[in-house]
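Remarks on the overall topology
In case you want the letters, here they are:
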Amino acid sequence: MSAPPAAEHAPPRVPAARLLTTLGTGGALAGALLVFAYQATQPTILANKRKELAQAIAEVLRAPQRYDTLYVYRNVLQRELPPGVDPRGLERVYLGYGANGERIGFAVESNAAGFQDRIGLIFGYDPATGRLLGMKVLQSTETPGLGDKIYKDTAFVGQFSRVAVPLRGVKRGAGRGDSAEVDMITGATISSRAVIRAINDALARLRPLLDGYRAEASR
Amino acid sequence: MKAARPADDFLRCLWQENPVLVQVLGLCPTLAVTNTVANAVAMGIAVAFVLIFSSLFVSSLKRYIPNEVRISAYIMIIATFVTIADMTLQATQPAIHKAMGPFVPLIVVNCIILGRQEAFASRNPVWRSVLDAAGNSVGFTIVLLIMGGVREVLGSGTFLGYSVFGPHYEPWVVMILPPGGFFTLGSLVLVVNVVRRRRAERAAVPALPVRSETKEAA
């Protein structure tokens, strides 16, 4: 990028200490500026993320009255963690309740490798019926026009609000009317499979916990 | 390159020395984030912010930056402003920030910015450097807007998310994929070169070859 140095009149050599001081001072100032910017923006960024997650949970659980956050700790779902356990980094699921305090189902986050990058999604699962309640893609860099149909194609997304688990992807029209069948998107097979795999993997791991969760009677 | 009027520092970057079409710099974001108009605008604003503040700082501090470490110092200044722009965008426009993916942090290595520091801000007075930075930003944003407009209208049938052709339009998906970026940019550069050549010929004077400017910047 830089032009070749003009050899004929080389500038006097600058002592190394001067170079170090310049870059050191500059780095310290830049660092201070970034700390300030970080502190100014971080609360808003976190609030945005929380709001986005809350909206996604409301969507896949079909507008619950409220929801509890449950942590997967020592392979048990726990609403209250024992004191001294750091909740960050623990996997969590969200249990939604309807207007009369009845359980609607669990919202679970999961992800799987898609065509370009990992696809992150959240889905609602009802242990009482063994069916899904809804699915929303949270993070995807799938190809515009093809892979992005996993969240833009309402017919595809709509299937996840009734299908039984574990899901089985089939070519459109090739299904046998089974309740666990999901019609995959033509031209986006890898992305469709990734969505199905993300849900199946999460349920294979968590289903015993979700189905067996019997906390105190729901109020 | 003597500017007759202060405004020339700004204006020459719009057409004669347009950063994308003539200097052919900064092609990575030009191709990558112009699949919608909204992304193009956001990228233009982010680059303008970084470029103007970097030029301001580099130009004001040029006496204190030893020649041996100037590139490191420029990168440090640029990276600081890129990080600020990245955080601000994430806080205010989370949807656009998500859509741009890694291309906001990658502004650090945008050659328009480093190029203007090395070629202009480090050897010109502060106010001229800021004008030059503003001109380059606007020139860059205009090209991004044209690219984003063409690609979104043809590739999605929408402009800023509003439907243009109605529900029966079958989008040319290729236009929002990477090849569409190359098609659009190629056509744009072609048009601009034809226009420039015509103008140079019409100027009748044994015209300077149009190429001379391009070569120095490439």
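Computed from a predicted model, the values in this text were never measured in an experiment.

About the criteria used
- Residue indices follow the written sequence of each chain, beginning from 1 at its first position.
- Going through the entries in the order they are written, you letter the chains from A and number the ligands from 1.
- Under the rules for a predicted model, residues below a pLDDT of 70 receive no local features and side-chain atom pairs below 80 are neither given nor counted, while totals for whole chains, interfaces and linings still include all residues.
- No hydrogens and no water enter the side-chain calculation; it runs on all heavy atoms of the structure.
- By the criteria applied, helices consist of DSSP H or I runs no shorter than four residues and strands consist of E runs no shorter than two, each listed in order from the N terminus.
- With C-alpha atoms as the basis for the radius of gyration, the globule rule is written as 2.2 Å multiplied by the number of residues raised to the power 0.38.
- Exposed residues in this analysis have more than 50% of their type's maximum accessible area, buried residues have under 20%, and partly exposed residues fall in between, with area computed by a 1.4 Å probe over protein chains only.
- Contact criterion: two residues are considered in contact whenever any of their non-hydrogen atoms come within 4.5 Å of each other.
- Areas reported as accessible are Shrake-Rupley estimates using a 1.4 Å probe. Residue values count occlusion only from the protein chains shown.
- Among the buried residues, those of types Ala, Val, Leu, Ile, Met, Phe, Trp, Tyr and Cys that are joined through side-chain atoms within 4.5 Å form a nonpolar core.
- Should DSSP find at least two bridges between two strands, the strands are taken to pair.
- Here a polar contact means two N or O atoms within 3.5 Å. Within protein one must be a hydrogen donor candidate and the other an acceptor candidate, and residues neighboring in sequence count only if both atoms are side-chain atoms.
- Domain segmentation is taken from an automatic or database assignment of domains.
- One side-chain nitrogen of Lys or Arg within 4 Å of one carboxyl oxygen of Asp or Glu is enough to make a salt bridge.
- Reported buried area values correspond to the accessible surface (1.4 Å probe) lost by two parts on association, with both partners' losses combined.
- Each residue receives one of three labels: charged for Asp, Glu, Lys and Arg, nonpolar for Ala, Val, Leu, Ile, Met, Phe, Trp, Tyr, Cys and Pro, and polar for the others, Gly being one of them.
- In this analysis an axis means a line fitted to C-alpha atoms, helices contributing only their contacting stretch, and an angle means the value between N-to-C directions, from 0 to 180 degrees.
- What a helix should span is 1.5 Å times the count of its residues minus one.
- Two axes enter the definition of the bend at a residue: one is fitted to the seven residues ending there, the other to the seven starting there, and the bend is the angle between them.
- Confidence per residue, as judged by the predictor, is encoded in pLDDT with a range of 0 to 100.

As for the overall build of chain A
- Helices and strands together make up the secondary structure of chain A, namely four helices and eight strands.
- Over its C-alpha trace chain A gives a radius of gyration of 25 Å, far above what one expects of a compact globule, namely 17 Å for 219 residues.
- Projected onto its principal axes, the C-alpha positions of chain A cover 85 × 50 × 30 Å.
- Per-residue burial for chain A yields a buried fraction of 38% across its 219 residues.
- Here the analysis covers contacts within chain A between residues at least 6 apart in sequence; of these, 53% occur between residues at least 24 apart.
- Of the accessible surface of chain A, which amounts to about 12600 Å², a share of 55% is contributed by carbon and sulfur atoms.

Topic: the nonpolar core
Residue and element names in this part refer to chain B.
- With 43 residues, the main nonpolar core has Leu 21, Met 43, Val 50, Met 100 and Ile 107 as its most contacted residues.
- Elements that contribute at least two residues to this core include exactly helix 3 (37-61), helix 4 (70-92), helix 5 (94-100), helix 6 (111-119), helix 7 (126-156) and helix 8 (178-202).
- When residues of this core are assigned to their parent elements, the largest contribution, 10 residues, is made by helix 4.
- Beyond its immediate stretch of four places on either side in the chain, Leu 21 contacts Val 143, Leu 185, Leu 188, Val 189 and Val 192.

What about the pairing of strand 1 (residues 66-73) of chain A?
Residues and elements named next belong to chain A.
- Inspection of the sheet shows strand 1 paired to strand 3 (residues 92-97) by six bridges, in the antiparallel sense. From the neighbouring strand, Tyr 71 faces strand 3, where its bridge partner is Arg 92.
- Pairing analysis gives three bridges linking strand 1 to strand 2 (residues 76-78), with the strands arranged antiparallel. Note on strand 2: the bridge partner recorded for Tyr 71 is Gln 78.
- With antiparallel pairing between neighbouring strands as the criterion, strand 1 and strand 2 make up a hairpin whose turn holds two residues, including Arg 74 at a positive phi of roughly 50°.

A short note on the environment of Asp 126 of chain A
All names here are of chain A.
- When you line up the elements, Asp 126 lands in strand 5 (residues 118-126).
- Assessed through its relative accessible area of 15%, Asp 126 is described here as buried.
- Residues within four places of Asp 126 in sequence aside, it is in contact with Ile 104, Gly 105, Arg 131 and Leu 133.
- Reaching out from Asp 126, the side chain makes a polar contact with the backbone nitrogen of Ala 128 at a distance of 3.0 Å.

With respect to the domain arrangement of chain A
- If you check the domain split of chain A, you get domain 1 (7-42) and domain 2 (61-217).
- Computed from C-alpha atoms alone, the centre-to-centre distance between domain 1 of chain A and domain 2 of chain A is 48 Å.

Some remarks on the pattern of salt bridges
- For the coordinates displayed, the defined rule picks out 16 salt bridges over all chains.
- The partner of Asp 148 of chain A in a salt bridge is Lys 152 of chain A, with the nearest N and O atoms 3.1 Å apart.
- Residues Arg 12 of chain B and Asp 132 of chain B are paired through a salt bridge, measuring 3.2 Å at the closest nitrogen-oxygen approach. Remark: Asp 132 of chain B occurs in helix 7 and Arg 12 of chain B occurs in the loop between helix 1 (6-11) and helix 2 (27-32); sequence separation between them is 120 residues. In this structure, Arg 12 of chain B and Asp 132 of chain B share a single accessibility class: buried.
- Counted as one network, the salt bridges with shared partners bring together Asp 9, Arg 12, Glu 17, Arg 116, Arg 128 and Asp 132 of chain B.

As for the interface of chain A and chain B
- With 29 residues of chain A in contact, the opposing surface of chain B contributes 28 residues.
- Here chain A meets chain B over a buried area of about 2100 Å², counting both sides, of which 76% is carbon and sulfur.
- The interface formed by chain A and chain B contains one salt bridge.
- Close ionic contact of Lys 98 of chain B with Glu 52 of chain A constitutes a salt bridge, the shortest N to O distance being 3.0 Å.
- Summed over the shared surface of chain A and chain B, the result is four residue pairs in polar contact (both at pLDDT 80 or more).
- Secondary structure elements with two or more residues in the side of chain A that touches chain B: helix 1 (16-60) and strand 6 (131-139) of chain A.
- Classifying every residue of the side of chain A that touches chain B by side-chain character gives 15 nonpolar, 10 polar and four charged.

Some details on the sheet that holds strand 5 of chain A
All names here are of chain A.
- The six strands lie next to each other as 2-1-3-4-5-6, forming an open sheet whose pairing is antiparallel. Single-partner strands in this sheet number two, and they are strand 2 and strand 6. If you compare each strand with its neighbour and ignore which way they point, the axes differ by 30° on average.
- Alignment of strand 5 against strand 6, held across seven bridges, turns out to be antiparallel. Paired with Ile 122 across the strands is Lys 136, a residue of strand 6.

A short note on helix 4 (residues 189-212) of chain A
- The end-to-end C-alpha distance of helix 4 of chain A is 34 Å, a good match for the 34 Å that 24 residues give at a rise of 1.5 Å each.
- In the structure, helix 4 of chain A departs most strongly from a straight axis at Leu 206 of chain A, where the bend amounts to approximately 60° and where the proline Pro 208 of chain A lies between one and four residues downstream.

Describing the confidence of the model for chain B
All names here are of chain B.
- Summary statistics for chain B give a mean pLDDT of 85 and a share of 91% for residues scoring 70 or more.
- This stretch, residues 214-218, has a pLDDT under 50; its non-local contacts, to residues over four places away or in other chains, come to two contacts.
- The ipTM for the predicted assembly is 0.72, set against a pTM of 0.75.

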